[in-house]
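So you can see what is in the structure, the chains are spelled out below.
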Amino acid sequence: MTSVSREMTMRLLYHVHTFSSYDSIMRIEDIISHCKKNNITHLAITDHDCIERLEEYKLLCSQQGITLVPGIEYSSKAGDIIGLFVRSKIDTKSPNRILDHIKEEEGIAILPHPYYGHELDLIDFSKIDMIETFNSRCTEEMNEKAVLLCRKHEKVPIVAADAHIKDDLSSALNIYDISLPIVHSIDEIKVVLLSEEPKFETHRIPMRNLYISQIWKGCKQRNFVLIYRNIAKYILNYPSK
């Protein structure tokens, strides 16, 4: 393939969940529609412990001129771990075995929301490539600590929408102004993510979005305690006027 060198802007919407995740209510078609309207060139789907529909999503994205960055958000004993560009799934809760698998697949290992739901002492940071320095569902304090953690371990930063409902999709964007051959290959995207310095657009989502996704999670898992708890939080924090 002959590549053409010209400047381009790669606009990456990273850490997005579809209906395949237990706590998301979004259809891939709605996510793609958002990307088209907002000139997003690259979309990273990271469903919880699931990669089964990524080939389908890749085709749907390509039909709209969007490049899918395939990913998975693993649940581990140390907290969530994201792998980009993995081709197969490993069934384990061991964080280091998950990280080893991502490396064997020549993927990119990312530590999401490090100060939400993680036991960082169990993470081998030598196997981590990137750290989320902003996650729209985390507090300002959590995100500030994540920035310091990223600097301490000299990792590459990335910002995460962590989108579960459509209102979340506008919360974080990674923007790369690059001058490289345009080939949209996996290797090309990896180079950009790991070596180019991006600009970030971010804002935290309202807590009601989190309550909504947790209610949906409770419905899918038939966890009525989770449903009622988050309905109560929603009502208490957002009473009808």
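Residues numbered from 1 in each chain as written. Predicted model: local features only at pLDDT ≥ 70, side-chain atom pairs only at ≥ 80, totals over all residues. Heavy atoms only, no water.

S.K.: Help me understand the overall build of the protein in this model?
M.R.: Within the protein, the secondary structure is distributed over seven helices and nine strands. Buried residues in the protein amount to 52% of all 241 residues. Taking the contacts inside the protein whose residues are at least 6 apart along the sequence as the reference set, 67% of them involve residues at least 24 apart. Here the protein displays about 12200 Å² of accessible surface, and carbon together with sulfur accounts for 50% of that area. (Helix = DSSP H or I, 4+ residues; strand = E, 2+ residues; numbered from the N terminus. Buried < 20%, exposed > 50% of the residue type's maximum accessible area, 1.4 Å probe, protein only. Contact = heavy atoms within 4.5 Å. Areas by Shrake-Rupley, 256 points an atom, 1.4 Å probe, with all protein chains shown as cover.)

S.K.: Teacher, can you tell me more about the layout of surface pockets here?
M.R.: Over the atoms, a rolling probe the size of a water molecule traces out where space has been left empty. Roughly 470 Å³ of volume is contained in the largest pocket. The wall of the largest pocket is formed by 21 residues, among which Glu55, Lys58, Leu68, Pro70 and Ile186 lie closest to the centre. Contributions of two or more residues to the lining of the largest pocket are made by α2 (54-62), β3 (67-76) and α5 (186-195). When the residues that make up the lining of the largest pocket are grouped by side-chain class, the tally is nine nonpolar, five polar and seven charged. (1 Å grid on protein atoms, 1.4 Å probe; cavity = no way out; pocket = protein on both sides within 12 Å on 5 of 7 lines; lining within 4 Å. Points joined across faces, edges and corners; volume = space filled by probe spheres on them. Nonpolar A, V, L, I, M, F, W, Y, C, P; charged D, E, K, R; others polar.)

S.K.: Would you mind going over the pairing of strand β4 (residues 79-84) with me for this structure?
M.R.: Most of β4 is tucked away, with six of its six residues classed as buried. Looking at chain direction, β3 and β4 are connected through six bridges and run antiparallel. Counted as the bridge partner of Ser75 is Asp80 from β4. The antiparallel pairing of β3 with β4 creates a hairpin that spans two residues between the two strands. (Pairing = 2+ DSSP bridges.)

S.K.: What is the right way to read the side chain of His34 from this model?
M.R.: Note on placement: His34 falls in helix α1 (residues 28-37). Those residues in contact with His34 that sit more than four places away from it in its chain are Leu13, Ile40, Leu169 and Ser170.

S.K.: How should the pattern of salt bridges be read in this particular structure?
M.R.: A side chain with one charge may pair with a side chain of the opposite charge, provided their charged atoms come close. Counting across every chain of the model gives ten salt bridges. As a salt-bridge pair, Asp162 and Arg137 come within 3.9 Å of each other at their nearest N and O atoms. Here Asp162 is found in the loop between β7 (156-160) and β8 (172-181), whereas its partner Arg137 is found in the loop between β6 (130-135) and α4 (140-152), with 25 residues between them in sequence. On the basis of relative accessible area, Asp162 is assigned to the buried category, the value being 5%. (Salt bridge = Lys/Arg side-chain N within 4 Å of Asp/Glu carboxyl O.)

S.K.: Would you take a moment to explain the environment of Leu120 for this structure?
M.R.: Following the sequence through the fold, Leu120 ends up in the loop between β5 (108-111) and β6. Leu120 sits 42 residues away from Ala78 along the chain, and the two C-alpha atoms are 6.8 Å apart. Not counting residues up to four positions away in its chain, the partners in contact with Leu120 are Leu111, Pro114, Tyr115, Phe125 and Leu149.

S.K.: Honestly, the environment of Asp47 in this entry has me stumped. Any pointers?
M.R.: Within the fold, Asp47 resides in strand β2 (residues 42-48). As for Asp47 and Phe19, which are separated by 28 residues in sequence, their C-alpha atoms are 8.5 Å apart. Look past the residues within four positions of Asp47 in its chain and what remains in contact with it is Val16, His17, Thr18, Ser20, Ser21, Tyr57, Gly71, Ile72 and Glu73. Among the polar contacts listed, one links the side chain of Asp47 to the backbone nitrogen of Thr18, at a separation of 2.7 Å. (Polar contact = N/O pair within 3.5 Å; in protein donor to acceptor, adjacent residues only side chain to side chain.)

S.K.: It is not clear to me how the nonpolar core should be interpreted in this structure. Could you clarify?
M.R.: For soluble globular proteins, the rule of thumb is that nonpolar side chains tend to be buried together. By size, the foremost hydrophobic cluster in this structure holds 42 residues, and its most contacted members are Leu13, Val16, Ile31, Leu43, Ile45 and Leu111. Looking at this core, the element that brings in the most residues is α1, giving four residues. Counting 20 residues, the second-largest nonpolar core is a separate cluster that includes Met10, Phe85, Ile158 and Val192. (Core = buried A, V, L, I, M, F, W, Y, C linked by side-chain atoms within 4.5 Å.)

S.K.: It is not clear to me how α1 should be interpreted in this structure. Could you clarify?
M.R.: Residues three or four positions apart in an α-helix share a direction because the helix packs 3.6 residues into each turn. Residues of α1 that are buried: Ile28, Ile31, Ile32, His34 and Cys35. Buried positions in α1, seen along its axis, are confined to an arc of 155 degrees and lie on one side of it. (Arc of directions from axis to C-beta.)

S.K.: Where do I start with the environment of Ser195 in this structure?
M.R.: Topologically, Ser195 is positioned in helix α5. Along the primary structure Ser195 and Val156 are separated by 39 residues, whereas in three dimensions their C-alpha atoms are 8.1 Å apart. Reaching out from Ser195, the side chain makes a polar contact with the backbone oxygen of Val191 at a distance of 2.4 Å.

S.K.: Honestly, unusual backbone geometry in this entry has me stumped. Any pointers?
M.R.: Apart from glycine, the bulk of residues carry a negative phi angle, and the bulk of peptide bonds sit in the trans form. Even without a glycine there, the phi angle at Asn39 is positive, about 55 degrees. Mapped onto the secondary structure, Asn39 falls in the loop between α1 and β2. Given the relative accessible area of 54%, Asn39 is considered exposed.

The quantities given are spatial measurements derived from coordinates; they are silent on function.
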